[in-house]
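Read off the chains here:
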Amino acid sequence: QVQLVESGGGLVQPGGSLRLSCAVSKTIVSSTVMGWYRQAPGKQRELVATITSTDRTNYADSVKGRFTLSRDNAKNTVYLQMNSLKSEDTAIYYCKMNTWDHIYWGQGTQVTVSS
């Protein structure tokens, strides 16, 4: 019943920006811990950013100062604003939600940074 639907991925040139969205059904995101992960070709999945139920954020060193994770409680959606994109940001990006008793994953959205 719980569903995480990601959108906003695509092809962008280096230095450009994208905003990823993760819309959540059946659960109020303000009461959860949300995270974005990514997996590049030939590499392991890595944590990009997390946001707690009190809106405290944490970012991987590779994206600090460039990416911003936020919530919109009215839309029950979380966002990942990605600026100053680099080729090494190319990956499939996954939304993750931790509730008190379950972990949920989205299907992923492809981000390709290339000139």
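Residues numbered from 1 in each chain as written. Predicted model: local features only at pLDDT ≥ 70, side-chain atom pairs only at ≥ 80, totals over all residues. Heavy atoms only, no water.

Draft legend 1. Layout of the overall build of the protein chain. Assigned secondary structure in the protein chain consists of 0 helices and 11 strands. Taken from N to C terminus, the helices and strands of the protein chain fall in the order β-β-β-β-β-β-β-β-β-β-β. Each of the three principal axes of the protein chain carries a C-alpha extent, and together these read 40 × 25 × 25 Å. Within the protein chain, the fraction of its 115 residues that count as buried is 43%. Taking contacts inside the protein chain between residues at least 6 apart in sequence as the whole, the part at least 24 apart equals 52%. For the protein chain, the computed accessible surface area is about 6400 Å², with 46% contributed by carbon and sulfur atoms. Here the protein chain carries 12 positive and 8 negative side-chain charges, and the mean point of each set is 1 Å from the other. (Helix = DSSP H or I, 4+ residues; strand = E, 2+ residues; numbered from the N terminus. Buried < 20%, exposed > 50% of the residue type's maximum accessible area, 1.4 Å probe, protein only. Contact = heavy atoms within 4.5 Å. Areas by Shrake-Rupley, 256 points an atom, 1.4 Å probe, with all protein chains shown as cover. Lys, Arg positive; Asp, Glu negative; His and termini not counted. Charge placed at Lys NZ, Arg CZ, Asp CG, Glu CD.)

Draft legend 2. Highlighting the side chain of Thr 50. Its place among the elements puts Thr 50 in strand S5 (residues 46–51). In this structure, Thr 50 is in contact with Met 34, Gly 35, Arg 56, Thr 57, Asn 58 and Leu 69, ignoring residues within four places of it in sequence.

Draft legend 3. Local environment of the packing of aromatic side chains. Tallied over the full model, the rule gives 1 aromatic pair. The aromatic ring of Tyr 37 is capped on one face by Arg 45, whose charged end is 5.5 Å from the ring centroid. (Phe/Tyr/Trp six-rings, centres within 6.5 Å; stacked < 30°, edge-to-face > 60°. Lys NZ or Arg CZ within 6 Å of the ring centre and 35° of its normal.)

Draft legend 4. Main features of the nonpolar core. Formed by 28 residues in total, the largest nonpolar core has its most connected members in Trp 36, Leu 80, Met 82 and Tyr 93. For this core, the secondary structure elements donating two or more residues are strand S3 (18–25), strand S4 (33–39), S5, strand S7 (67–72), strand S8 (77–82), strand S9 (91–98) and strand S11 (109–113). Those residues in contact with Leu 80, other than ones at most four positions away along the chain, are Leu 18, Arg 19, Leu 20, Trp 36, Val 48, Phe 67, Thr 68, Leu 69 and Tyr 93. (Core = buried A, V, L, I, M, F, W, Y, C linked by side-chain atoms within 4.5 Å.)

Draft legend 5. Local environment of the environment of Thr 109. In this structure, Thr 109 sits in strand S11. Given a relative accessible area of 11%, Thr 109 falls into the buried group. Each C-alpha atom, one on Thr 109 and one on Gly 10, is 8.0 Å from the other, the two residues being 99 residues apart in sequence. Beyond its immediate stretch of four places on either side in the chain, Thr 109 contacts Glu 6, Ser 7, Gly 9, Leu 20, Ala 91, Ile 92 and Tyr 93. A distance of 3.3 Å separates a polar side-chain atom of Thr 109 from the backbone nitrogen of Gly 9. (Polar contact = N/O pair within 3.5 Å; in protein donor to acceptor, adjacent residues only side chain to side chain.)

Draft legend 6. Region of the structure containing the state of the cysteines. For the coordinates displayed, the defined rule picks out 1 disulfide. One disulfide bridge connects Cys 22 with Cys 95, the sulfur atoms lying 2.2 Å from each other. Its S-S torsion of about -90 degrees marks the bond between Cys 22 and Cys 95 as left-handed, since a negative value means left-handed. Of this pair, Cys 22 sits in strand S3 while Cys 95 sits in strand S9, and the two are 73 residues apart along the sequence. Taking the relative accessible area as the measure of exposure, Cys 22 reaches 0% and is therefore buried. Look at Cys 95 and you get buried, because its relative accessible area is 0%. (Disulfide = S-S within 2.5 Å.)

Draft legend 7. Representation of the pattern of salt bridges within the structure. The full count for this structure, using the stated rule, is 5 salt bridges. When the shortest N-O distance is used, the salt bridge between Arg 38 and Glu 46 registers 2.6 Å. You can call Arg 38 buried: its relative accessible area is 6%. Assessed through its relative accessible area of 31%, Glu 46 is described here as partly exposed. In this structure, Asp 61 engages Lys 64 in a salt bridge whose closest nitrogen and oxygen atoms are separated by 3.0 Å. By relative accessible area, Lys 64 is classed as partly exposed at 48%. Residues participating in the shared-partner salt-bridge network are Arg 38, Glu 46, Arg 66 and Asp 89. (Salt bridge = Lys/Arg side-chain N within 4 Å of Asp/Glu carboxyl O.)

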